[in-house]
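Fold and contact review
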Amino acid sequence: MFFAASAPGCDEELQAVINVNSRNTAKLWRMANPENNLRDYTKGRQSTTQKTACGVDTIANPHSHDSLQLAVPDDCAGLRLDQVLAKLLPEYSRSRLQEWITGQQVKVDGAYATTRQKVWGGEKLEVSPQSHASEQPHQAEDIALDIVYEDDALLVINKPAGLVVHPGSGNWEGTLLNALLHHAPQLADVPRAGIVHRLDKDTSGLLVVAKTLTAQTSLVRQLEARSVQREYLALVYGELTRAGKVDAPIGRHPAQRVKMAVVESGRAAVTHYQIERKFPSCTLLRCRLETGRTHQIRVHLAHIGHPLVGDSVYLKGPQKCVPQLRALLTGFPRQALHATRLALVHPVSGETMEWHALLPADMTRLLQQIREAVSPHQTTPLDHSTPPGLPLSGEEVIFPPDKGGSRGVGVRNK
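My aim in this report is to walk through the structure given alongside it, one point at a time. (Residues numbered from 1 in each chain as written. Predicted model: local features only at pLDDT ≥ 70, side-chain atom pairs only at ≥ 80, totals over all residues. Heavy atoms only, no water.)

Looking at the overall build of the protein chain
Scanning the protein chain from N- to C-terminus turns up eight helices and 20 strands. The buried share of the protein chain, reckoned over its 414 residues, is 43%. Within the protein chain, contacts between residues separated by at least 24 positions form 66% of all contacts whose residues are at least 6 apart in sequence. (Helix = DSSP H or I, 4+ residues; strand = E, 2+ residues; numbered from the N terminus. Buried < 20%, exposed > 50% of the residue type's maximum accessible area, 1.4 Å probe, protein only. Contact = heavy atoms within 4.5 Å.)

Considering the pairing of strand 8 (residues 147-150)
Alignment of strand 8 against strand 9 (residues 154-159), held across three bridges, turns out to be antiparallel. Note that in strand 9 the partner of Glu150 across the bridge is Leu155. Two successive antiparallel strands, strand 8 and strand 9, enclose a turn made up of three residues. (Pairing = 2+ DSSP bridges.)

A word on the packing of helix 2 (residues 81-88) against helix 3 (residues 94-102)
Helix-helix packing is described using two parameters, namely the angle between the two axes and the distance between the axes. Between helix 2 and helix 3, the shortest axis-to-axis distance is 9 Å and the interhelical angle comes to 125 degrees. Classified by the angle their axes make, helix 2 and helix 3 are oblique. Where helix 2 crosses over helix 3, the two elements pack in a sense that is right-handed. Two secondary-structure elements touch here, helix 2 through Leu81, Asp82, Gln83, Leu85 and Ala86 and helix 3 through Arg94, Leu97, Gln98 and Ile101. Taken together, the residues that form the contact of helix 2 with helix 3 break down as five nonpolar, two polar and two charged. (Axes fitted to C-alpha atoms, helices over the stretch in contact; angles between N-to-C directions. Parallel < 35°, antiparallel > 145°, perpendicular 65-115°, else oblique. Left-handed = near helix turned anticlockwise from the far one by under 90°. Nonpolar A, V, L, I, M, F, W, Y, C, P; charged D, E, K, R; others polar.)

A look at the pairing of strand 18 (residues 352-357)
Summarising burial for strand 18: five of the six residues are buried, a large majority. Pairing of strand 17 (residues 337-345) with strand 18 involves five bridges; the strand directions are antiparallel. The residue bridging Arg341 from the neighbouring strand is His356, located in strand 18. Between strand 17 and strand 18, which pair antiparallel and follow one another directly, the connecting turn spans six residues, one of which, Gly350, has a positive phi of 80 degrees.

Some points on the packing of helix 7 (residues 323-330) against helix 8 (residues 361-373)
Look at helix 7 against helix 8: their axes get within 10 Å of each other, and the N-to-C directions meet at 170 degrees. The pairing of helix 7 with helix 8 is recorded here as roughly antiparallel in orientation. In this structure, helix 7 uses Gln324, Leu325, Leu328 and Leu329 to contact helix 8, whose residues at the interface are Leu366, Gln369, Ile370 and Ala373. The class makeup of the residues in the contact of helix 7 with helix 8 is six nonpolar, two polar and no charged.

Digging into the pattern of salt bridges
Opposite charge on two side chains allows them to pair when their charged atoms are near. With the rule as written, the count across this model stands at eleven salt bridges. Each of the salt bridges in this network shares a partner with another, and the network as a whole consists of Glu231, Glu276, Arg286, Arg341 and Glu354. (Salt bridge = Lys/Arg side-chain N within 4 Å of Asp/Glu carboxyl O.)

Description of the nonpolar core
Core analysis: the largest hydrophobic core is formed by 32 residues, its most contacted members being Leu187, Tyr232, Leu285, Cys287, Ile297 and Leu301. The dominant element in this core, judged by the number of residues it contributes, is helix 4 (residues 176-183), at four residues. Setting aside chain neighbours within four positions, we find Leu285 in contact with Tyr232, Leu233, Ala234, Val236, Leu240, Tyr273, Gln274, Ile275, Glu276 and Leu301. Core analysis: the next-biggest nonpolar cluster, separate from the first, contains 20 residues, Leu85, Leu97, Trp100 and Val127 among them. (Core = buried A, V, L, I, M, F, W, Y, C linked by side-chain atoms within 4.5 Å.)

Dropping the structure here:
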C-alpha cells in the first residue's frame with residue numbers, strides 16, 4: 001500500500017490540477033465529438049409537475065415544492081450550469097433559468113447552485129420551476145380610481161401621474177389594469193381589461209376603457225379612423241411664437257431601444273399644437289393628436305427643439321432658461337404633460353361625448369410658481385382680457401383659485 005505525505009495546502013493544489021485536467025479533457029472531447037452536443041437531453045427526465053394536454057409543464061401552486069429531477073449528462077462536463085439547463089430544459093429561456101439559479105430554485109447534489117457554477121457530469125439536479133409574473137393571470141387589486149364617467153359600455157378615468165396603465169417589465173402589479181379588475185370584475189372577459197389606449201406612467205389625465213367587447217371594437221375602430229379627439233396640456237422649454245404641426249414618423253431609437261425617435265422607418269405620427277400661455281423660457285401648449293404613437297408628444301416636441309419640462313428621457317442637457325425659473329423647471333419631477341380633453345362617439349348611443357380634466361395639483365402649482373417668479377409684464381396670455389386664475393378656454397380652468405382646489409372635471413354631451 002502506498003501512502004503519500006503532503007504539506008499543508010497540497011491537497012488543494014492536487015484538486016486544482018485534477019479539475020484543470022477534467023476541464024481540458026471535457027473540452028477536447030466536445031471538440032472531437034460535436035455531434036453529441038446536439039443530442040436530445042430531455043428524454044427520460046423525471047418530473048413531479050403535471051403535463052397539460054399540449055405537453056407543457058404546469059405548476060398549480062408556484063410556491064409548492066414540485067420539482068424536476070435531472071442528471072447532468074457526461075458529455076456536458078465542463079459546461080456552466082445554466083448552459084446545461086438550457087440543453088435539458090429547452091422550453092425555458094436562458095434568462096429564466098439564470099433567474100431560477102440566483103433565486104435558489106436549482107440544487108446540484110442537494111446544495112443550492114451558484115450563477116457561474118460548472119458541472120462535470122453525473123451530478124443530480126433538482127429544479128423548482130417558478131412561473132413568471134408575465135404568465136400569471138392579472139390580479140384584481142383595490143386601488144382607488146378617479147372615475148370621471150361610467151355607464152354599461154364605457155369607463156373614463158382621470159389617471160394620476162405615477163400609475164402604470166398595463167402590467168409590464170418591472171410593473172407586474174399595482175397598475176390601472178389591476179385596479180379595473182377590482183372595480184369591474186367582468187373586465188376579466190375583455191382583452192386587456194378593456195384598455196384601448198395608454199398614457200405614460202408619469203403622464204396624467206383622461207383615459208377611456210371599454211367595458212364590453214362591442215364597446216372595445218367600436219373604440220378601436222374610432223382610434224384607427226383617427227376620429228377620437230385627444231388634447232393634452234404640455235409645458236415645454238423655449239418661447240414658441242405660433243401654432244404649428246409636427247408630421248414626422250416615430251419608431252424605436254436606433255441605438256437606445258428603450259426610447260422612441262423620429263426615424264424614416266417609423267410609423268406615421270402627427271401632432272398639432274397651439275399656444276395657451278407664454279412665459280420667459282417656457283411655453284404652455286395645447287397639443288392635439290391625430291395618431292397615438294408611443295411617447296408621441298414627447299418625441300415630437302423634443303424633435304422641434306422644445307422638450308417637455310421634467311422629461312428625464314428626452315431632455316438633452318441643460319436648456320436655456322432665465323435664472324429665476326431655472327430651479328423651478330429643472331426640479332419638476334416628471335414630464336409636464338396632462339391629457340386634458342377626450343371626445344368620442346359613444347359605442348351604444350351614437351352620441352358624441354366629451355370630457356375635460358383640469359390640470360393636476362403639481363402642474364397647477366408649477367405654473368403658479370412660474371407666474372409669481374416673473375413679472376406680470378413677462379407673462380402673455382392668449383386672451384389679454386382674461387386675468388390669471390380664470391378660465392383660459394371654454395369650460396376649463398387652467399389656473400383655479402387655491403381655495404377651490406387644483407383639479408376638476410367637466411363633461412359635456414354634444
